[in-house]
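Analysis of the macromolecular model
Listed below, chain by chain, are the residues.
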Amino acid sequence: MERTRIILDVDTGVDDALAILYALRSPGLDVLGITTCFGNVDVDRATRNTLAVVELCGLDVPVYRGAERPILREWTGPVPWIHGEDGLGNTALPAPRRRAESQEAASFLREAIRRHPGEVALVPVARLTNVARAFLFDPELPRLVRGVVFMGGAAFCPGNVTAVAEANVWGDPEAAEIVLQSGAPLTMVGLDVTMRARLEAHELDRLNPALPHAALVRDAVSFYMNAYEETQGVRGRWCPLHDPLAVAVAEDPTLCTTRPYPVRISCDGATAGMTVVDARPHADKEPNVAVCVDVDVDRFLGRFRERLGMS
Ligand code: RIB
Ligand code: CA
């Protein structure tokens, strides 16, 4: 089977950890490296968590530390009420033995894309800061990538940080706008579909306890489900699988239905971080984003169970 070369960009984070496990355990994906960014936690914590999760898989996929703040703004800080003080639901995962590579994330992105022109799909599931920095650094990259499948935005549904803004876009709207207007082939896996990709608490009982990641997944996801119930207005014991869905779509685009739209990012005022989707029949701009509007939840959850080792 031909494997898709990807680079995952993360702010690890509970759902990022699930996305890393999904990607590393997917037969259809060849993960060239993982880049890290501030977001759910600071970039050093994101890097440490990423290395620790990769180590749990018994792999030595390289990890590259990236941006510690947005391109133009100050970082507003971590979100321990969603991901815990340690970013992994206070599971106190042992410190990783390996360290991050010395190369900086944006520089690695550039090198890897240029080494495999037309072949590398970027899968950012964090702020788009690293990708924007790479594109600013080397403006030819957007036409050399296979695509950018990003978790972020809210096209036709409410936001999760403000009424209209999703966290990954809200956290660095200027970076998101740079990536969206770059000309790269873009797929937006936003809240429209990720909020429908629900993992219910009873599913955790299906985890094979012999797997090295089983305890982390069970405990971190339990914390995350509590957080969604207590702070995000979710009723019942479930959590959305935001970041794993983006990885799943990078491996198998048929899991979501997309529609092409012109999309811009609002960078100011009450709408900062909004993905402004022009759904008019006679929009005055060409579409720049394939927006995911529907998801085959059953097929995705089946894949998720398979990848994570749930019976
Ligand atoms: O809005 C959800 C996104 O924000 C996810 O990527 C989550 O990990 C956080 O980064
Ligand atoms: Ca994330």
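Reference entry: report on the structure contained in this document. (Residues numbered from 1 in each chain as written. Chains lettered and ligands numbered in written order. Predicted model: local features only at pLDDT ≥ 70, side-chain atom pairs only at ≥ 80, totals over all residues. Heavy atoms only, no water.)

Brief notes about the overall build of the chain
From N to C terminus, the chain includes twelve helices and twelve strands. Based on the C-alpha atoms only, the size of the chain along its principal axes is roughly 55 × 45 × 40 Å. Expressed as a percentage of its 311 residues, the buried residues of the chain come to 58%. Of all intrachain contacts in the chain linking residues separated by at least 6 positions in sequence, the fraction that spans at least 24 positions is 82%. On the chain, roughly 12,800 Å² of surface is accessible, and the fraction owed to carbon and sulfur atoms is 50%. Within the chain, one finds 32 positive and 42 negative side-chain charges whose respective centroids are separated by 2 Å. (Helix = DSSP H or I, 4+ residues; strand = E, 2+ residues; numbered from the N terminus. Buried < 20%, exposed > 50% of the residue type's maximum accessible area, 1.4 Å probe, protein only. Contact = heavy atoms within 4.5 Å. Areas by Shrake-Rupley, 256 points an atom, 1.4 Å probe, with all protein chains shown as cover. Lys, Arg positive; Asp, Glu negative; His and termini not counted. Charge placed at Lys NZ, Arg CZ, Asp CG, Glu CD.)

Description of the coordination of the calcium ion (ligand 2)
Coordination of the calcium ion (ligand 2) by the protein comes from Asp11 (OD), Asp16 (OD), Asp16 (OD), Val125 (O) and Asp243 (OD), over a distance range of 2.3 to 2.8 Å. Mapped onto the sequence, the residues coordinating the calcium ion (ligand 2) show the spacing D-x4-D-x108-V-x117-D. Here Asp11, found in the loop between strand S1 (4–10) and helix H1 (14–24), pairs with Asp243, found in helix H11 (residues 242–251); they are 232 residues apart in sequence, far enough to count as distant. For the residue pair Asp11 and Asp243, the accessibility class agrees, reading buried in each case. (Donors = N, O, S within 2.8 Å, 3.2 Å for Na, K, Ca; no water.)

Some thoughts on the sheet that holds strand S5 (residues 147–151)
In a beta sheet, neighbouring strands are held together by backbone hydrogen bonds and run either parallel or antiparallel to one another. Across the sheet, which stays open at both edges, the eight strands sit in the order S3-S2-S1-S4-S5-S6-S12-S9 with mixed pairing between neighbours. Across the chains shown, the open sheet's two edge strands, defined by having one partner strand only, are strand S3 (63–64) and strand S9 (256–261). Alignment of S1 against strand S4 (residues 120–124), held across five bridges, turns out to be parallel. Within the sheet, the bridge partner assigned to Arg5 lies in S4 and is Val120. Of the strands in this sheet, S1, strand S2 (29–36), S4, S5, strand S6 (186–189), S9 and strand S12 (289–295) are in contact with H11, which crosses S5 at around 160°. (Pairing = 2+ DSSP bridges. Axes fitted to C-alpha atoms, helices over the stretch in contact; angles between N-to-C directions.)

Quick notes on the site of ligand 1
As a structural note, the neighbourhood of ligand 1 is formed by 13 residues, with Asp15, Asn160, Glu166, Asn168 and Asp243 the closest of them. Within the side chain of Asp16, one N or O atom sits 3.0 Å away from an oxygen atom of ligand 1. A distance of 2.9 Å separates an oxygen atom of ligand 1 from a polar side-chain atom of Asn160. Protein contact buries 96% of the 280 Å² of open area that ligand 1 shows by itself. According to the grid-proximity analysis, the pocket containing ligand 1 is the largest pocket. For the shell around ligand 1, the secondary structure elements donating two or more residues are H1, helix H7 (167–170) and H11. Class assignment of the residues belonging to the shell around ligand 1 gives a composition of three nonpolar, four polar and six charged. (Near = heavy atom within 4 Å. Polar contact = N/O pair within 3.5 Å; in protein donor to acceptor, adjacent residues only side chain to side chain. 1 Å grid on protein atoms, 1.4 Å probe; cavity = no way out; pocket = protein on both sides within 12 Å on 5 of 7 lines; lining within 4 Å. Sits in = over half its atoms within 2 Å of the grid points. Nonpolar A, V, L, I, M, F, W, Y, C, P; charged D, E, K, R; others polar.)

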